[in-house]
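# Structural overview for review
Residues per chain are reported as follows:
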Amino acid sequence: MIKKEIAHIRKQFKLDHDMLHIFEIFNVYIMKESNEIYHYERQPFALLDREKQELYMVNFKKLLTGELDQKMFELKFQEEAEQPTQVLLHQGLVTGDSEEWQDLMLLLVEKMLVDTQYEQDTVVTFVRGQYSRPTKIRNEEADESEKDEMFANLFILCSVNSTEQQRKTLMFDYVEKEFKYNVFVDPIIKLNSPEQGFFYPSVTDNYSDVNRILYCAGKANEPNLQFIEQVLNAEKTLTALEERAIFEDIVKEVAGEQLDAATIAHVYEEIHRVIESHEEEEPPKLDYKDVERMLTVSGVEDVTMEKVERAFQTVVDDKNYEIKASSVIPKFTSKSIKIDTKVATISVSPQDLKYVRQVNYQGKRCILIEVDEDAVIEGFTLITETL
């Protein structure tokens, strides 16, 4: 599953979308004190009040929002798991029996309760439905519509949401013309901020991939590994943040702790070039040969294939390890790099890092930034000094 496929699915999660049909919704309420199922109910999604449908759609879209390998992770299922969740989900996907689907989802909720203590009352929501996608790009000159040929994909989506108690409020009664103290005892389900969830099956080249699942974390770079391994029975994954740290450690092993900004900028430009020129569906990855080439053309001295291979072995204990290129580089055109100093924090994009240098001026370290225009501070244009 790649970014554009997730975006296509996410866009369909709105009411009255003719390419999305949600058949049923199943809610399970878990009590934090007992860590047990307190209540559950299943019903056709179409029978919900429209206001409820809108709230759920916002929740589902929020769940599917975020960057791959940061907030959303495409995972392979473990091959030798006991009572594998993959089998349970696949049965739930293909069954036409609503009762059977409910029972299967309850089995999954029971797996969520093992070795987990929820801090708040929690609601687990399952929906199953179908979305469609054109099989080909529309030909503007043809009479056929882009919807003439479609892939129809069945899916199960799960969202885990915590609850919070409503605040005590002071209200004004227009009829009685008096102020009233009101205490609401019913908890609020936080549909605007799902804790985690998943979308099954994943999708590659418009086809459902039943051997993979899309896990969605509540916060970027904070996947719940217990949920991934014990509940979903999927393989552990590394976040983009962790992969970036691995890359940095490998570079330090080869080039040392200190590099100038121009060299770092060249490395980022090389990685960006690899990403932009990559034509295959699978995201590009960097092995030790790729890293050796990038460091060499970026001007790092004394780089050899053997040195980089040894660095991979030292850092990840696997000389054949491959790093996702998109995880290594910050967003290339946005000010995604932060240069923190005691005096100021400077934000710069990877493509502009080449204009930044650390220099020694009159015995003091200074950050020198090359600019094309006058710098303006609080409305005042700075005078250009000649050093």
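Here goes a summary of the coordinates provided.

Parameters at a glance
- Here, residues in each chain are numbered from 1, in the same order as that chain's written sequence.
- Reporting of local features is limited, given that this is a predicted model, to residues whose pLDDT is at least 70; pairs of side-chain atoms are given and counted only at 80 or more, and all residues count toward the totals for whole chains, interfaces and linings.
- Think of the side-chain values as coming from all heavy atoms in the structure, minus any hydrogens and water.
- Only residues whose relative accessible area exceeds 30% and that take part in no salt bridge are eligible for patches, with like-charged residues grouped when within 9 Å of each other and nonpolar side chains (Val, Leu, Ile, Met, Phe, Trp, Tyr) grouped when within 5 Å.
- Where accessible areas are quoted, they stem from the Shrake-Rupley method and a 1.4 Å probe; at the residue level, only the protein chains shown are allowed to cover.
- The term salt bridge refers to a pairing of a side-chain nitrogen on Lys or Arg with a carboxyl oxygen on Asp or Glu at a separation within 4 Å.
- For the purpose of charge, His is not counted, nor are the chain termini; Lys and Arg are scored as positive and Asp and Glu as negative.
- Here the site of a charge means atom NZ of a Lys, CZ of an Arg, CG of an Asp or CD of a Glu.
- Think of it this way: any DSSP run of H or I at least four residues long counts as a helix, any run of E at least two long counts as a strand, and we number them from the N terminus.
- We call a set of buried Ala, Val, Leu, Ile, Met, Phe, Trp, Tyr and Cys residues a nonpolar core when their side-chain atoms join them within 4.5 Å.
- Each residue's exposure class comes from its accessible area (1.4 Å probe, protein chains only) as a fraction of the maximum for that residue type: buried when under 20%, exposed when over 50%, partly exposed otherwise.
- Working convention: axes come from line fits to C-alpha atoms, limited for helices to the stretch in contact. Angles between N-to-C directions cover 0 to 180 degrees.
- Working definition: roughly parallel below 35 degrees, roughly antiparallel above 145 degrees, roughly perpendicular at 65 to 115 degrees, and oblique for all remaining angles.
- Helix crossings are classified by the rotation of the near helix relative to the far one: an anticlockwise turn of less than a right angle makes the crossing left-handed, while a clockwise turn makes it right-handed.
- Between two residues, a contact is recorded if the distance between any of their heavy atoms is within 4.5 Å.
- When residue character is reported, Ala, Val, Leu, Ile, Met, Phe, Trp, Tyr, Cys and Pro are called nonpolar, Asp, Glu, Lys and Arg charged, and the others, Gly included, polar.
- For Phe, Tyr and Trp, where Trp contributes only its six-membered ring, two rings pair if their centres lie within 6.5 Å, and the inter-plane angle classes them as stacked under 30 degrees, edge-to-face over 60, or tilted in between.

### Observations regarding a negative patch on the surface
- The grouping of Asp205, Glu279, Glu280, Glu281 and Glu282 at the surface amounts to a negative patch.
- With respect to the helices and strands, Glu281 occurs in the loop between helix 7 (261-277) and strand 13 (285-286).

### Let's talk about the nonpolar core
- Judged by nonpolar contacts, the single largest core of 33 residues is most densely connected at Leu89, Met105, Met112, Val124, Phe126 and Phe198.
- In terms of residues, this core owes the most to one element, helix 4 (residues 98-113), which gives eight residues.
- Within the second largest apolar cluster, 32 residues are counted, among which are Phe247, Val254, Val267 and Ile337.

### With respect to the packing of helix 3 (residues 85-94) against helix 4
- Look at helix 3 against helix 4: their axes get within 9 Å of each other, and the N-to-C directions meet at 155°. Here helix 3 lies roughly antiparallel to helix 4, going by the angle between them. Crossing of helix 3 against helix 4: the hand is left-handed. Of the residues in helix 4, those touching helix 3 at Thr85, Leu88, Leu89, Gln91 and Gly92 are Trp101, Leu104, Met105, Leu107, Leu108 and Lys111.
- Each residue belonging to the contact of helix 3 with helix 4 can be placed in one class, and the counts come to seven nonpolar, three polar and one charged.

### A closer look at the pattern of salt bridges
- Summed over all chains, the structure comprises 13 salt bridges.
- Taking the shortest distance from any N to any O, the salt bridge between Glu74 and Arg212 comes out at 4.0 Å. You can see Glu74 sitting in strand 3 (residues 72-76) and its partner Arg212 sitting in strand 12 (residues 212-217), a full 138 residues away along the chain.
- A residue is classified by how much of its surface remains accessible, and Arg212, at 22% relative accessible area, is partly exposed.

### Quick word on the side chain of Lys111
- The residue Lys111 is located in helix 4 in this model.
- The side chain of Lys111 sits in the buried core without any salt bridge; Glu82 is the nearest counter-charge, 9.4 Å away.
- If we ignore the near neighbours within four places in the chain, the residues touching Lys111 are Gln83, Pro84, Thr85, Gln230, Val231 and Asn233.

### Regarding the packing of aromatic side chains
- Here the structure, examined in full by the defined rule, presents 16 aromatic pairs.
- With centroids separated by 6.1 Å and ring planes inclined at 50°, the aromatic side chains of Tyr131 and Phe155 adopt a geometry described as tilted. Taken as a pair, Tyr131 in strand 4 (residues 122-134) and Phe155 in strand 5 (residues 150-164) lie far apart in primary sequence, 24 residues in all. Neither Tyr131 nor Phe155 differs from the other in exposure class; each is buried.
- Feature note: the residues Phe13, Tyr56, Phe60, Tyr131, Phe155 and Phe199 constitute an aromatic cluster, connected by ring pairs.

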